[in-house]
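Chain by chain, the residues run as shown.
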Amino acid sequence: MLNTTEVNKWKKKLPLIENMIHHEEVLWLNPLIESTATGLRKTSVTLADVQDASDRLKRFAPYIECVFPETKKSNGIIESPLTSIPQMKEAIGSEYKTLISGKLLLKQDNALPISGSIKARGGIYEILKHAETLAIEHRLITPEGNYAKFAEPEFKNLFAKHKIAVGSTGNLGLSIGIMSAKLGFNVTVHMSADAKQWKKDLLREKGVAVVEYAEDYSKAVEEGRRQADAEPSCHFVDDENSRDLFLGYAVAGERVATQLKERDTVVDEDHPLFVYLPCGVGGGPGGVAFGLKLAFGDNVYCFFAEPTHSPSMMLGMITGLHDRIAVQDFGLDNKTAADGLAVSTASGFVGKTMEPLLSGCYTIADSTMFHLLKLLADTEDIRLEPSALAGMTGPVNVIRDNVKDANSANATHLVWATGGSMVPESEMALYYGMARK
Ligand SMILES: *Cc1c(COP(=O)(O)O)cnc(C)c1O
């Protein structure tokens, strides 16, 4: 915890913090960004690591296709559509009096198969990797074998003797729980107070043990980690420090590159790509941004978006204190309807990895997210959960701030929609109704 003297010192040094304390929507441009080549040299994660993750997901594709038939049309590859949203672009232009000259695209992770959020990338990857490690150790498979075998009883019998645990605000729990239960693991999800009831119900239906905490996300993670540490056969999915989660997310970079190519959208020195990613603990947006930097280098500009009440990554980045501060240190309450982003301390691993690669961070009020939720439903008939709208003010923010090339007609703005398709209809109707008239 920072004391009052330290908080006052930071406020004096960085006046933007004063605005953040008053819950204002702010944009911060990262002064520590470097060329992509230099930035990548400073990290312990490499292109080879991401390729290894991509190859592993390909090995598992026959299994995924077999146990999740909704992935048949993509041959067992878990991927989401990239959608042009011209009506939304027009609506944003008139509502925010800010014309977007370039293209506006939506990366629809809300429609990812299996768990309907960005967590279907990293979360599922980490469980598959753990299952593969165990299966190879027990000589049930080799990397050259047919992974459809993972659906066979001898694999399930092996995994039933192993435990998996995770702490989650909801969506990570869904992804880890569904995938682990499908493979046959004994899985426990530790959930924070802000996790939605329907998520707990859905997990219990699938045979997942759910432990509930009255406190926020950090407490659920801490307790989950403590209980898992006491059991040698338990694998704890560490949202705050996991390299595997990060690598699973990072595979998105090459996938988006292919999708942009398929739609003849050029990204080069004269055609910049701006990407806006909702940020909670940081693994999802950090991994995706990392993968995008590998794919597009200096021609992609990545921004993290957080609720005005929970800007943990932004505070960690601008002070350089990363996971050594919590939003509560600055008098913020971490209360937001964007439950996927309700995180009081961000990942230090992600913050430090992204320090030389991230273009900036901004905040968004809950009321703005609800307003945009309704606007997107009305204009494009796409329904997202509140967290997933955080990226949508990105183009307006960078254009208004006169960020270089942001208002070029050659620019592509890609808003990462992080979740929504699992939300029950009744819940979605409540979200829709939250938009102010
Ligand atoms: C988890 C989540 C995020 C952010 O991912 P982190 O890895 O926590 O930063 C954003 N949107 C939704 C819907 C999420 O579930």
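Starting afresh in each chain, residues are numbered from 1 along the sequence in its written order. The model is predicted, so local features are restricted to residues of pLDDT at least 70 and side-chain atom pairs to those at 80 or more, both for listing and for counting; the totals for chains, interfaces and linings are taken over all residues. The side-chain numbers reported here are obtained from all heavy atoms of the structure, hydrogens and water having been left aside.

Per an unreviewed UniProt entry, the protein goes by the name Probable D-serine dehydratase and belongs to Sporosarcina limicola. UniProt positions are given in the numbering used here, feature names are shortened, and annotations may be inferred rather than shown by experiment. If you open the UniProt record of the protein and go to Sequence similarities (unreviewed entry), you find "Belongs to the serine/threonine dehydratase family. DsdA subfamily." Quoted verbatim from the Catalytic activity (unreviewed entry) field of UniProt, the annotation for the protein is "D-serine = pyruvate + NH4(+)".

### Things to note about the side chain of Thr-363
Examined against the element boundaries, Thr-363 turns out to sit in strand β10 (residues 360-364). Buried means the residue's accessible area, taken with a 1.4 Å probe over protein chains only, is under 20% of the maximum for its type, while exposed means over 50%, and partly exposed covers the values in between. For Thr-363, a relative accessible area of 3% gives the class buried. In terms of polar contacts, Thr-363 uses its side chain to reach the backbone carbonyl oxygen of Glu-24, at 3.1 Å. What makes two residues a contact is simply this: any of their non-hydrogen atoms within 4.5 Å. The contacts of Thr-363, once residues within four sequence positions are left out, are Glu-24, Glu-25, Val-26, Glu-306, Pro-307, Thr-308, Pro-311 and Met-314. The secondary structure listing takes helices from DSSP runs of H or I that are at least 4 residues long and strands from runs of E that are at least 2 residues long, numbered from the N terminus. A 3.5 Å cut-off defines polar contacts: any pair of N or O atoms within that distance qualifies, except that in protein one atom must be a possible hydrogen donor and the other a possible acceptor, and neighbouring residues in sequence count only when both atoms are side-chain atoms.

### What to know about the site of the ligand
Nearness here has a simple test: a residue counts as near a molecule or strand if at least one of its heavy atoms is within 4 Å of that partner. In the vicinity of the ligand, 16 residues are found, and the nearest of them are Lys-119, Asn-171, Gly-282, Gly-284 and Thr-418. Here an oxygen atom of the ligand and a side-chain polar atom of Asn-171 are 2.7 Å apart. Burial of the ligand by the surrounding chains reaches 98%, relative to a free accessible area of 370 Å². Residue contributions to the shell around the ligand peak at three residues, all from helix α13 (residues 283-296). Side-chain classes follow a simple rule in which Ala, Val, Leu, Ile, Met, Phe, Trp, Tyr, Cys and Pro form the nonpolar group, Asp, Glu, Lys and Arg form the charged group, and the remainder, Gly included, forms the polar group. Across the shell around the ligand, the residue classes tally to five nonpolar, nine polar and two charged. Under the convention used here, a 1.4 Å probe and the Shrake-Rupley method define accessible areas, while residue burial counts only the protein chains that appear.

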